[in-house]
Amino acid sequence: QVRLVESGGGLVQPGGSLRLSCTASRQIYDISNMAWYRQAPAKRDLVASISSGGITNYTDYVKGRFTISRDSAKNTVYLQMNSLAPEDTAVYYCRVLVRNGNYYWGQGIQVTVSS
């Protein structure tokens, strides 16, 4: 069983930055897509995704502020978040989608933007 572990969350002031990481417990083969979602308070929405070919996609409210990247050798996907606003406060989850349709979720990590 693959475990995804997120790190890098916490409390930051408005305008600040955080870098989230999501690392898999073992190598995942045939990855189709890796993504970050966030949930606040009930609905979980897609924030950003990156395909196996490196194509990135962002939801409108983070474009120009967030950057998703991956390091396949480290089984890790990142989310660099800049110019954070209180509206970005949420629990952030990473998800890995495999080509056979299986997917894995991380346990979630809290990001709080507040002065």
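Summary of the structure given here.

The next subject is the side chain of Asn33. Within the fold, Asn33 resides in strand β4 (residues 31-39). Exposure remark for Asn33: the relative accessible area of 15% places this residue in the buried category. Dropping the residues within four chain positions of it, Asn33 is found in contact with Ser49, Ile50, Ser51, Arg95, Val96 and Leu97.

What follows deals with the packing of aromatic side chains. Within this structure, the stated rule accounts for 2 aromatic pairs. Taken together, a centroid distance of 5.0 Å and an interplanar angle of 65° make the contact between Tyr37 and Trp105 edge-to-face. In this pair, Tyr37 sits in strand β4 while Trp105 sits in strand β10 (residues 103-105), placing the two residues 68 residues apart along the sequence. Put simply, the rings of Tyr37, Tyr93 and Trp105 touch in pairs and so form one group of aromatic residues. Here the guanidinium or amino end of Arg44 rests over the ring plane of Tyr93, the centre of that ring lying 3.6 Å away.

Let's shift gears to the nonpolar core. Grouped together as the largest cluster of nonpolar side chains are 31 residues, with contacts concentrated most on Leu4, Ile28, Trp36, Leu79, Met81 and Tyr92. Every element with two or more residues in this core is listed here: β3 (18-24), β4, β5 (44-51), β7 (66-71), β8 (76-81), β9 (90-98) and β11 (109-113). Of all the elements, β9 adds the most residues to this core, at 5 residues. Among all residues touching Ile28, those that are not within four sequence positions of it are Val2, Leu4, Asn75, Val96, Val98 and Tyr104.

Each strand in a sheet pairs with its neighbour through backbone hydrogen bonds, running either in the same direction (parallel) or in the opposite one (antiparallel). Spatial strand order, β1-β3-β8-β7: 4 strands in an open sheet with antiparallel pairing. The open sheet has two edge strands with one neighbour each: β1 (4-7) and β7. For this sheet, the mean inter-axis angle between neighbouring strands, taken without regard to orientation, is 15°. In terms of strand pairing, β3 meets β8 through 6 bridges, oriented antiparallel. Bridging across to β8, Cys22 finds its partner in Val77.

Rules used in this analysis
- Residues numbered from 1 in each chain as written.
- Predicted model: local features only at pLDDT ≥ 70, side-chain atom pairs only at ≥ 80, totals over all residues.
- Heavy atoms only, no water.
- Helix = DSSP H or I, 4+ residues; strand = E, 2+ residues; numbered from the N terminus.
- Buried < 20%, exposed > 50% of the residue type's maximum accessible area, 1.4 Å probe, protein only.
- Contact = heavy atoms within 4.5 Å.
- Phe/Tyr/Trp six-rings, centres within 6.5 Å; stacked < 30°, edge-to-face > 60°.
- Lys NZ or Arg CZ within 6 Å of the ring centre and 35° of its normal.
- Core = buried A, V, L, I, M, F, W, Y, C linked by side-chain atoms within 4.5 Å.
- Pairing = 2+ DSSP bridges.
- Axes fitted to C-alpha atoms, helices over the stretch in contact; angles between N-to-C directions.

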